Amino acid sequence: SFMFMDADYNLNQWPGPVPPFRSSLHVLSQVVSRTPPPRSRDNGGRAVLDAGSKAIDYGSAPPLVVASPSASVEGEGLRCRNGGDEHSVIDLATAELGQDATGADKFPVGRAVWLVPGHCDPTVNMHDFFVCHRDAKVEAVIPILGRGPGS
């Protein structure tokens, strides 16, 4: 957990001169459906992602949404909720979370969304490879050999 700094482990921050930890494990998903904000209430609707409980663990804590893999978890403020085996849902509680300063949708269909798993161990167990990248370039693809039940 320490190596990856999943969302649950990242709650263990302390005040002082130590900079906040950044997560090194992310699940890349994308918005596949978007509900517009209802006109009668001041909320931003919701964004449905293509990564559900078969792609990311929900047992310990829900995943966090970050702007990019290099972003700090602190201050992002968005968590997903489980939308089933194939989907996660981001509830955009206020219009500000759903729209940028110009009024454009922050989570349009097709937008890539980086998720920090709530618990890294069972999330890693659901995948075949680590795709290691730096500065938006893939540097290595490493097979996850000891995965699956009974491995």
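Values in this document were obtained by computation on a predicted structure and should not be read as measured data. (Residues numbered from 1 in each chain as written. Predicted model: local features only at pLDDT ≥ 70, side-chain atom pairs only at ≥ 80, totals over all residues. Heavy atoms only, no water.)

What about the nonpolar core?
Heads up, the condition is: In this description, a nonpolar core means a group of buried Ala, Val, Leu, Ile, Met, Phe, Trp, Tyr and Cys residues linked to one another through side-chain atoms lying within 4.5 Å. A 1.4 Å probe rolled over the protein chains alone gives each residue an accessible area, and that area as a share of the maximum for its type sets the label: buried under 20%, exposed over 50%, partly exposed in between. Helix numbering and strand numbering both begin at the N terminus, where a helix is a DSSP run of H or I of at least 4 residues and a strand a DSSP run of E of at least 2. We call two residues contacting when some pair of their heavy atoms lies within 4.5 Å.
Core analysis: the largest hydrophobic core is formed by 16 residues, its most contacted members being L49, V65, C80, I90, F107, V113 and L115. Of all elements in the fold, only β1 (27–35), β2 (46–49) and β6 (112–116) reach the threshold of two or more residues within this core. Beyond its immediate stretch of four places on either side in the chain, I90 contacts G45, R46, A47, L49, V65, L78, R79, C80, F107 and V113.

Points about the pairing of strand β7 (residues 129–134)
Consecutive side chains along a regular strand alternate between the two faces of the sheet. Stated formally: When DSSP finds two or more bridges between two strands, those strands count as paired.
Two strands pair when backbone bridges link them, and β7 and strand β8 (residues 137–143) are joined in this way by six bridges, in the antiparallel orientation. Each residue of the ladder has a partner; that of C132, found in β8, is A140.

A short note on the pattern of salt bridges
As a reminder, the rule being used: When a carboxyl oxygen of Asp or Glu is within 4 Å of a side-chain nitrogen of Lys or Arg, the pair counts as a salt bridge.
For the structure shown, the criterion picks out three salt bridges. E86 is the partner of K54 in a salt bridge, and the nearest nitrogen-oxygen pair spans 3.3 Å. Separated by 32 residues along the polypeptide, K54 in the loop between β2 and β3 (64–66) and E86 in the loop between β4 (80–82) and β5 (88–91) bring together distant segments of the chain. For R81, the salt bridge goes to D91, with nearest N and O atoms at 2.6 Å. Residue R81 is found in strand β4, and its partner D91 is found in strand β5; the two are separated by 10 residues along the sequence.

Section: the layout of surface pockets
Test applied: Residues are said to line a cavity or pocket when one of their atoms sits within 4 Å of a point; the points come from a 1 Å grid over protein atoms alone, cavities being sets where a 1.4 Å probe fits but cannot get out and pockets being open sets with protein on both sides within 12 Å along at least five of seven lines. Grid points are joined across faces, edges and corners, and a volume is the space filled by probe spheres set on the points. Put simply, Ala, Val, Leu, Ile, Met, Phe, Trp, Tyr, Cys and Pro go in the nonpolar bin, Asp, Glu, Lys and Arg in the charged bin, and everything else, Gly too, in the polar bin.
Reported here for the largest pocket is a volume of approximately 900 Å³. If you trace the largest pocket, you find 26 residues lining it, with S24, H26, V131, C132 and H133 closest to the centre. Among the elements of the structure, β1, α2 (120–124) and β7 are those that each provide at least two residues to the lining of the largest pocket. With six residues, β7 is the largest single contributor of residues to the lining of the largest pocket. Here the residues of the lining of the largest pocket are counted per class, giving 15 nonpolar, seven polar and four charged.

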